[in-house]
Amino acid sequence: MASGVKVTDDVIAVFNDMKVRKAQANEEEKKKRKKAILFCLSKDLKNIVLDEGNEILQGDLGTTVHDPYQHFVNMLPPQDCRYALYDATYETKETKKEDLVFIFWAPDNAPLKSKMIYASSKDAIKRKFEGIKHEWQVNGLEELKDRHTLAEKLGAGSVVSLEGCPL
């Protein structure tokens, strides 16, 4: 079911920046890259916009953010829905990888109206996020608390570490 909600250009620009890893980026550019970001509906419920202040930059890692996954989990509002992009860094038995994960956060205790609007608007944002390999709908913190759940989404049984933490 389509809701008629539009995705703003800022959201699309952030996605494109996260999707393209510039090999020749200098250190300053790398620090400004987003590790994770949340998106929400605008106050008038007509647009999907950046959830201001709810992001993790690569430059935050090791300084203000020591466990990016846990920091990301703590950014999610316990009483409302969000969309998120998380740039997961993980290792399999064979290689190191980075993949973007699209997350639809719809906690059980969010208002019903919010859950309905976010659910019906999800396709609008997913259509703009071409090339996403991993999608995850999460309905409560218990699904997120354990990083093993995300590891399973990334590579059922083959992931040996996530964000530098062994599983």
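Cut-offs used in this document
- Residues numbered from 1 in each chain as written.
- Predicted model: local features only at pLDDT ≥ 70, side-chain atom pairs only at ≥ 80, totals over all residues.
- Heavy atoms only, no water.
- Helix = DSSP H or I, 4+ residues; strand = E, 2+ residues; numbered from the N terminus.
- Rg over C-alpha atoms; globule rule 2.2 N^0.38 Å.
- Buried < 20%, exposed > 50% of the residue type's maximum accessible area, 1.4 Å probe, protein only.
- Contact = heavy atoms within 4.5 Å.
- Lys, Arg positive; Asp, Glu negative; His and termini not counted.
- Charge placed at Lys NZ, Arg CZ, Asp CG, Glu CD.
- Core = buried A, V, L, I, M, F, W, Y, C linked by side-chain atoms within 4.5 Å.
- Phe/Tyr/Trp six-rings, centres within 6.5 Å; stacked < 30°, edge-to-face > 60°.
- Lys NZ or Arg CZ within 6 Å of the ring centre and 35° of its normal.
- 1 Å grid on protein atoms, 1.4 Å probe; cavity = no way out; pocket = protein on both sides within 12 Å on 5 of 7 lines; lining within 4 Å.
- Points joined across faces, edges and corners; volume = space filled by probe spheres on them.
- Arc of directions from axis to C-beta.
- Polar contact = N/O pair within 3.5 Å; in protein donor to acceptor, adjacent residues only side chain to side chain.

Visitor: Break down the overall build of the chain for me, citing the residues and quoting the values.
Guide: Scanning the chain from N- to C-terminus turns up 6 helices and 8 strands. Counting helices and strands in the order they occur from the N terminus, the chain gives β-α-α-β-β-α-β-β-α-β-α-α-β-β. Radius of gyration (C-alpha) of the chain: 16 Å, near the 15 Å computed for a compact globule of 167 residues. In the chain, which comprises 167 residues, the share counted as buried stands at 43%. Contacts spanning at least 24 positions in sequence make up 64% of the contacts within the chain whose residues lie at least 6 apart. Here the chain contributes 26 positive and 27 negative side-chain charges, whose respective centroids are spaced 3 Å apart.

Visitor: So what's going on with the nonpolar core? Residues and values would help.
Guide: Among the nonpolar cores identified, the biggest contains 25 residues, and Phe 39, Ile 48, Tyr 83, Leu 85, Ile 125 and Phe 129 are the most heavily contacted of them. Apart from residues lying up to four places away in sequence, Tyr 83 is in contact with Ile 37, Leu 38, Phe 39, Ile 48, Phe 102, Ile 103, Phe 104, Ile 117, Tyr 118, Ser 121, Lys 122 and Ile 125. Counting residues in each nonpolar core, the second largest holds 24 residues, with Ile 56, Tyr 90, Val 101 and Ala 151 among its members.

Visitor: Which residues make up the packing of aromatic side chains, and what values go with them?
Guide: For any two aromatic rings, the description comes down to two numbers: the centre-to-centre distance and the angle of the planes. Taken as a whole and assessed by the stated rule, the structure comprises 8 aromatic pairs. Here Phe 72 and Tyr 86 contribute two aromatic rings whose centre-to-centre distance is 5.0 Å and whose plane-to-plane angle is 45°, an arrangement assigned as tilted. One end of the pair, Phe 72, is in helix H3 (residues 68–75); the other, Tyr 86, is in strand S4 (residues 82–92), and 14 residues separate them in sequence. One exposure class covers both Phe 72 and Tyr 86, and it is buried. Among the aromatic residues, ring-to-ring pairing joins Phe 15, Phe 39, Tyr 83, Phe 102, Phe 104, Tyr 118 and Phe 129 into one connected group. A cation over an aromatic ring shows up here: Lys 35 above the ring of Tyr 86, its NZ or CZ 5.4 Å from the ring centre.

Visitor: Describe in detail the layout of surface pockets, supporting the description with residues and values.
Guide: The computed volume of the second largest pocket comes to approximately 210 Å³. Together, Cys 40, Leu 41, Ser 42, Lys 43, Leu 45, Asp 80, Arg 82, Lys 113, Ser 114, Ile 117 and Tyr 118 line the second largest pocket. Only strand S2 (34–41) and helix H4 (112–128) provide two or more residues apiece to the lining of the second largest pocket. Take the lining of the second largest pocket: its biggest share by element is 4 residues, from H4.

Visitor: Describe in detail H3, supporting the description with residues and values.
Guide: All of the buried residues along H3 are Pro 68, Tyr 69, Phe 72, Val 73 and Met 75. In an axial view of H3, the angular spread of the buried residues amounts to 155°, which keeps them on one side of the axis.

Visitor: Go over the side chain of Ser 114 with me, naming the residues and quoting the values.
Guide: Position of Ser 114 among the secondary structure elements: in helix H4. Side chain to side chain, Ser 114 and Asp 80 meet in a polar contact 2.5 Å long. Dropping the residues within four chain positions of it, Ser 114 is found in contact with Asp 80 and Cys 81.

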